[in-house]
Amino acid sequence: MMKEQYQVLGMTCASCAASVEKALQQVEGVREASVNLAREKVTIDFDPERLTFEDLQETVQEAGYDIRSLDSQNKAKIQFAIEGMTCASCAATVERAVQSLDGVSEAVVNLATETLSVTYDKERVDVATIKEGVQASGYKASLKADNQETPAKKESQTAQLWRRFSWSALFTVPLLYIAMGPMLPFGGLPLPHFLHPEHRSLNYALAQILLVLPVVYLGRSFYTKGFKTLFKGHPNMDSLIAVGTTAALLQGLVTTIALGLGSVDHSGAHPDLYFESAGVILTLITLGKYLEAVSKGKTSDAIKHLMGLAPKTARILDNGQEKDIPLEQVQVGQILLVRPGEKIPVDGTITQGSSSIDESMLTGEALPVQKTQGDLVVGGTINKNGSFQFEAQKIGKDTMLSQIIQLVEDAQGSKAPIARLADRVSAVFVPVVMGLAVLAALAWWSLGGQSWQFALSILIAVLVIACPCALGLATPTAIMVGTGKGAEHGILIKSAPALEGLQAVQTVLFDKTGTLTQGRPEVTKLLTYGSLSDREVLALAASAEKGSEHPLAEAIVQKATEQALSLPNMTDFQAVPGHGLVAQVDGQSLYLGNARWMTEQGIELTEAQTDAEKLASSGQTPIFVALGQELIGLIAIADRLKESSRSAIAQLHKMGIETVMMTGDNTTTAQAIARELGIDRVLSEVLPEEKASHVKELQSGDQVVAMVGDGINDAPALAQADVGLAIGSGTDVAIESADVVLVSQDLTTVVTAMKLSKATMRNIKQNLFWAFAYNVIGIPIAMGLLYLFGGPLLNPMLAGAAMSLSSVSVLLNALRLKQFRV
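Definitions and limits used
All residue numbers here refer to positions counted from 1 along the written sequence of the relevant chain. With the structure being a predicted model, the display of local features is reserved for residues of pLDDT at least 70 and the display and counting of side-chain atom pairs for 80 or more, all residues being used for whole-chain, interface and lining totals. Heavy atoms throughout the structure, all of them, feed into the side-chain values; hydrogens and water do not. UniProt positions are given in the numbering used here, feature names are shortened, and annotations may be inferred rather than shown by experiment. Two strands form a pair only when DSSP identifies at least two bridges running between them. Each helix is a run of DSSP H or I of at least 4 residues and each strand a run of E of at least 2, with the numbering of both proceeding from the N terminus. The patch calculation keeps residues exceeding 30% relative accessible area without a salt bridge and links them within 9 Å when they carry like charges or within 5 Å when they are nonpolar (Val, Leu, Ile, Met, Phe, Trp, Tyr). In short, Shrake-Rupley with a 1.4 Å probe defines the accessible areas, and a residue's cover is counted only from the protein chains shown. Each salt bridge in this description consists of a side-chain nitrogen of Lys or Arg and a carboxyl oxygen of Asp or Glu lying within 4 Å of one another. Neither His nor the chain ends contribute to the count of charged residues, in which Lys and Arg are positive and Asp and Glu negative. Taken as the charge centre is NZ of Lys, CZ of Arg, CG of Asp or CD of Glu, depending on the residue. Here's how the labels work: a residue is buried when its accessible area is under 20% of the maximum for its type, exposed when over 50%, partly exposed in between, all with a 1.4 Å probe on protein chains only. Residues are treated as being in contact if the distance between any of their heavy atoms lies within 4.5 Å. The span one expects for a helix is its residue count, reduced by one, times 1.5 Å. Working definition: the arc comes from the directions between the helix axis and the C-beta atoms, pointing outward to the latter. To get an axis, fit a line to the C-alpha atoms, keeping to the stretch in contact for a helix; angles then go from 0 to 180 degrees between the N-to-C directions.

If you check an unreviewed UniProt entry, the protein appears there as Copper-exporting P-type ATPase from Streptococcus caprae. On record in UniProt, under Catalytic activity (unreviewed entry), the comment for the protein is "Cu(+)(in) + ATP + H2O = Cu(+)(out) + ADP + phosphate + H(+)".

A. Geometry of the sheet that holds strand β14 (residues 369–371). Ordered in space as β14-β13-β16, the three strands form an open sheet in which the pairing is antiparallel. Two strands in the sheet have a free side with no partner beyond their single neighbour: β14 and β16 (382–383). By the bridge criterion, two bridges tie strand β13 (residues 355–358) to β16 in an arrangement that is antiparallel. Bridge pairing in β16 links isoleucine 357 to asparagine 383.

B. Region of interest: a negative patch on the surface. A contiguous patch of negative charge, built from Glu54, Asp55, Glu58 and Glu62, is present on the exposed surface. Turning to its location among the elements, glutamate 54 is positioned in helix α2 (residues 53–62).

C. Structural view of the UniProt feature "transmembrane region" (unreviewed entry) in the protein. Mapped onto this structure's residue numbering, the UniProt feature "transmembrane region" (unreviewed entry) falls at residues 161–181, 201–219, 240–261, 273–291, 425–446, 452–475, 768–790 and 796–815. Across residues 240–261 one finds 100% helix and 0% strand; the C-alpha atoms that close the span lie 32 Å apart. With 83% helix and 0% strand, the stretch residues 768–790 has end C-alpha atoms that lie 31 Å from each other.

D. Local environment of the pattern of salt bridges. Within this structure, the stated rule accounts for 12 salt bridges. A salt bridge links lysine 485 to glutamate 488; the nearest nitrogen and oxygen atoms lie 3.3 Å apart. Within this pair, lysine 485 and its partner glutamate 488 are both found in helix α15 (residues 469–488), separated by three residues, close to a single helical turn. For glutamate 488, a relative accessible area of 39% corresponds to the partly exposed category. In this structure, glutamate 658 engages arginine 681 in a salt bridge whose closest nitrogen and oxygen atoms are separated by 3.7 Å. With glutamate 658 in strand β26 (residues 658–662) and arginine 681 in strand β27 (residues 681–683), the pair connects residues that are 23 residues apart, well separated along the chain. The class of arginine 681 is partly exposed, set by a relative accessible area of 36%. Each of Arg315, Glu322, Asp324, Arg339 and Glu342 takes part in one network of salt bridges that share partners.

E. Summary view of the environment of glutamate 536. With respect to the helices and strands, glutamate 536 occurs in helix α18 (residues 534–545). Between the alpha carbons of glutamate 536 and isoleucine 632 there is a distance of 9.8 Å; along the sequence they are 96 residues apart.

F. Representation of the environment of glutamate 106 within the structure. Residue placement: glutamate 106 occurs in strand β6 (residues 104–110). Taking C-alpha positions, glutamate 106 is 10.0 Å from arginine 96, a pair spaced 10 residues apart along the chain. When sequence neighbours within four positions are dropped, the list of residues in contact with glutamate 106 reads Gln99, Ser117, Val118 and Thr119.

G. Structural detail: helix α7 (residues 220–231). Spanning 12 residues, α7 covers 17 Å between terminal C-alpha atoms, matching the ideal 16 Å at 1.5 Å per step. All of the buried residues along α7 are Phe222, Tyr223, Gly226 and Thr229. Summarising the axial view, the buried residues of α7 lie within an arc of 155°, below the 170-degree limit, and thus occupy one face. Away from its buried face, by an angle of more than 90 degrees, α7 presents the exposed residues Thr224 and Phe231. Downstream of α7 by a residue or two, glycine 233 has a phi angle that is positive, lying close to 95°.

H. Quick look at the sheet that holds strand β30 (residues 740–742). Pairing is mixed in the open sheet, where seven strands are placed in the order β18-β30-β29-β28-β19-β26-β27. Edge positions in the sheet fall to β18 (491–493) and β27, since each of these pairs with one other strand and no more. Here the strands of the sheet are splayed against their neighbours by 20° on average, with no regard to which way each runs. Across five bridges, strand β19 (residues 507–511) lies against β26 in parallel orientation. Its bridge partner lying in β26, threonine 507 is registered against glutamate 658. Together, β18, β19, β28 (705–709) and β30 form the strand contacts of helix α27 (residues 748–782), whose direction differs from that of β18 by roughly 50°.

Written out as structure tokens, the structure is:
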């Protein structure tokens with residue numbers, strides 16, 4: 001599957017956008033279609049091997065609209081599953097191979113998830129060419145949608161590694177006993193006379209060959225992959241192991257042949273065989289791989305948990321009869337029945353009944369939410385204590401749960417900027433290590449006066465200990481756990497750069513309406529000026545506002561509805577964003593809006609100015625109403641603050657972060673609300689088109705700025721900010737433009753997101769430090785630095801154990817993030 005964006009022609013309203021989305025989502029091969037009405041664009045997630053642009057265009061044209069390419073439209077993004085990678089060097093090799101293809105602008109490999117994300121120009125390169133590029137580098141690529149790694153498949157692979165280790169250990173233990181037992185102090189361990197190295201050296205060697213061969217066969221993947229990448233010119237971890245153990249095996253075979261030919265006399269001494277080193281190294285590294293797989297599985301627990309939230313079946317009402325069907329067979333429009341204690345299967349709207357719903361999987365909030373007829377319910381949430389029926393509206397990949405899973409997977413597959421250092425090191429690490437191993441061995445043999453067996457031991461130890469696995473796992477494992485933990489708390493982080501960016505934020509800019517406030521304004525006062533009554537002024541205002549989607553307009557219309565007013569007919573309605581509106585009634589112009597709008601129309605406000613200032617100073621928004629050139633009323637509207645707003649602002653201040661509120665309200669009203677919340681700065685009377693420029697202005701002062709908003713007019717500012725955070729209940733456009741989605745209405749999740757970011761980045765830095773430190777310390781020791789000054793020599797078997805444990809330690813450290821608490 002891949003995502004592409006197109007411009008949509010002919011849309012004029014939300015209904016148009018819904019028509020385009022519906023038409024595309026019904027096409028087989030389209031997983032998701034999302035229309036951004038404000039930008040007149042559609043994002044389509046579809047199978048490129050089944051659908052072309054022409055197919056999509058034809059579908060949209062049948063719905064009455066059209067789509068066309070943009071200059072940037074030639075770019076597409078697609079994700080592959082990569083087989084055969086074992087270390088950071090592998091990931092770097094795949095990235096370089098794909099990045100070098102003409103038409104590929106970005107290639108990012110995630111070693112922890114074994115995925116490759118490619119951004120490319122579809123007119124210059126295609127999916128098949130990318131696959132060939134990966135294959136040419138020694139690995140295998142398949143579209144991720146065709147190679148879904150289910151938990152069962154992962155568990156099967158982990159079980160296979162355990163079996164491989166168990167069988168390897170079964171042969172390695174006696175091999176180690178035979179090879180090393182007689183060398184132990186105090187007479188050593190007993191061996192049968194026919195196997196004793198001092199009396200039957202050939203039998204001693206042949207027995208070890210018979211035991212090591214099964215271990216080599218069980219670990220044959222190290223050799224097939226290692227030598228393949230070595231001969232292609234980009235060696236990896238498997239190459240280090242393959243070369244090191246092959247050197248040990250060849251040395252042992254040469255000695256065995258010499259013993260058989262009688263050209264070497266080892267009577268009374270132990271022959272120099274390295275079979276046990278090869279066997280133990282292969283067995284220990286297999287154990288390390290198993291522990292690594294187990295730990296990796298734990299890092300993706302969040303995805304497994306999310307996948308397990310959806311029930312396997314759904315209960316539909318078919319002609320009044322209840323019927324259980326597989327979840328995959330549920331269709332849009334069907335009526336479903338949910339009983340107490342059951343999981344809600346898909347997204348929809350309650351048509352009958354009521355209940356309290358546990359939505360903690362979405363919001364992290366433990367308290368159930370009361371739902372009744374007309375309310376939305378989300379698949380995967382739990383019905384607590386009432387039965388109800390609801391109409392299925394979103395199924396399959398369109399449900400919120402599926403979208404959350406996809407978003408978390410995308411974030412886990414992305415790469416944080418901090419990972420670039422490890423990438424640069426990994427790109428040259430293995431060739432450099434191989435060179436150091438050869439130089440160290442030659443130096444000890446030729447300059448140090450040591451035997452070639454000693455030099456061989458040095459070569460093997462350096463090759464084996466220097467595996468760059470830990471480097472490759474340091475960042476992605478922490479990202480996986482961090483983003484998964486965020487999802488548990490209702491914080492959906494779209495990418496690794498966003499997660500990294502949160503910890504550096506210095507200023508948080510809040511939209512007011514719907515973000516700091518409830519987003520449900522109410523009419524609190526109505527003053528009249530002139531001969532018209534309160535009811536007449538309210539009826540005129542509500543009639544004009546009837547065609548507006550602004551929250552303040554909805555408050556006025558709601559108040560008129562409560563009073564059962566009869567509304568006059570309006571014509572030529574025209575809204576001016578950030579100012580107000582004008583409409584025609586009985587041949588006269590009716591104006592509603594702020595003081596600036598009235599002044600521009602030449603309307604005198606002196607009579608109402610004092611009243612407006614009093615209302616604004618108490619945190620209420622004054623709306624002026626004028627008929628012709630005469631002011632006839634002043635409507636006060638207030639939007640209650642969210643309970644979490646004060647707490648969120650206070651906690652941000654404790655973290656040393658500056659807070660700013662941006663609103664279209666007049667300065668007096670905005671300052672009153674800011675004082676109540678303790679906000680540091682206020683940007684008032686801001687027009688929608690000015691929001692992004694205010695963000696840019698803050699950034700120009702070398703400030704890392706986060707923007708929190710929820711509306712269509714917040715989208716440009718969310719996109720401009722260093723990190724954009726969208727309230728999850730806000731518009732699709734705002735969510736699409738943001739880097740982080742806060743599913744809960746609780747603004748303290750902004751603080752939680754920042755603390756999670758700091759914890760994750762701290763974990764990544766720890767991982768990188770230990771990964772680098774391991775190699776900086778381990779390689780010189782393996783080269784014989786301590787031995788040079790009278791210290792011990794690193795045994796190749798201990799080098800293998802240390803290498804395996806380095807990767808596991810990095811994974812275990814990343815798993816500590818699972819203990820993160822709000």
